[in-house]
Amino acid sequence: PAVWVHPAIAAILLAAAALCLARAGRRAPGERPAGERTLWLVFAAALALGAVLEFSGLAGHVAAWGRRLAEETNIYESRKPFQKTIMAAVAAASLGILLLFIKEVRKPGPHRSLWWAGLGLAAYLAVSFVSVLSFHAVDVARGMLWHGVSPVDAVRGAAALVTIFATVSALKRAKGARIT
């Protein structure tokens, strides 16, 4: 990928983390005070950690180290069942989150933005995790580039943008009261 892709995704993640922190400091009408604020803070922490991993390239280094270790211990070729199991678990978890999201977002109330932000974060984390696994089909997708951006990185960036838009929407609804 182009050299600007990971710093751009990291900048999007940092912006989303800052917005989540701002949202955690405000209360929307009809909001459950403790639970939603805690979730916004957890989202902010996860997004900030993702930004650090994007800037540092640490996830890629850990994946390369794991690959080298597997080759040195002669278990590299037996990794495929493990990768398929992990991919299936991530896909099942993602489907479960999507179905729960569809159910919960239909309910009225201020929680919709929280669910959208959570969906964006979950999509970013799932695609990033699958990308680090070095599954062959994902590696092929990472190799296809359009203006230096792979489809995998485009999805990761789009997922982070969903979190930003959801958080901005939540901030607009919670303009008034600050939590002290």
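Definitions and cut-offs
Residues numbered from 1 in each chain as written. Predicted model: local features only at pLDDT ≥ 70, side-chain atom pairs only at ≥ 80, totals over all residues. Heavy atoms only, no water. Axes fitted to C-alpha atoms, helices over the stretch in contact; angles between N-to-C directions. Helix = DSSP H or I, 4+ residues; strand = E, 2+ residues; numbered from the N terminus. Parallel < 35°, antiparallel > 145°, perpendicular 65-115°, else oblique. Contact = heavy atoms within 4.5 Å. Nonpolar A, V, L, I, M, F, W, Y, C, P; charged D, E, K, R; others polar. Salt bridge = Lys/Arg side-chain N within 4 Å of Asp/Glu carboxyl O. Buried < 20%, exposed > 50% of the residue type's maximum accessible area, 1.4 Å probe, protein only.

Turning our attention to the packing of helix H4 (residues 79–105) against helix H5 (residues 112–133). The axes of two packed helices give the description: the angle between them and the distance between them. Following both chains from N to C, one finds H4 and H5 inclined at 170 degrees, their axes separated by 11 Å at the closest point. Taken together, the axis directions place H4 and H5 in an arrangement best described as roughly antiparallel. Together, Gln83, Ile86, Met87, Val90, Ser94, Ile97, Leu100, Phe101, Glu104 and Val105 of H4 and Arg112, Trp115, Trp116, Leu119, Ala122, Ala126, Phe129, Val130 and Leu133 of H5 make up the contact between the two elements. A breakdown of the residues in the contact of H4 with H5 according to their chemical character gives 15 nonpolar, two polar and two charged.

Okay, the pattern of salt bridges next. This model, assessed by the stated rule, comprises two salt bridges. Residue Glu54 pairs with Arg156 through a salt bridge whose shortest N-O separation is 1.7 Å. Here the residue Glu54 occupies a position in helix H2 (residues 33–56), and Arg156 occupies one in helix H7 (residues 151–173), the gap between them amounting to 102 residues. Residue classification places Glu54 among the buried positions, given a relative accessible area of 7%.

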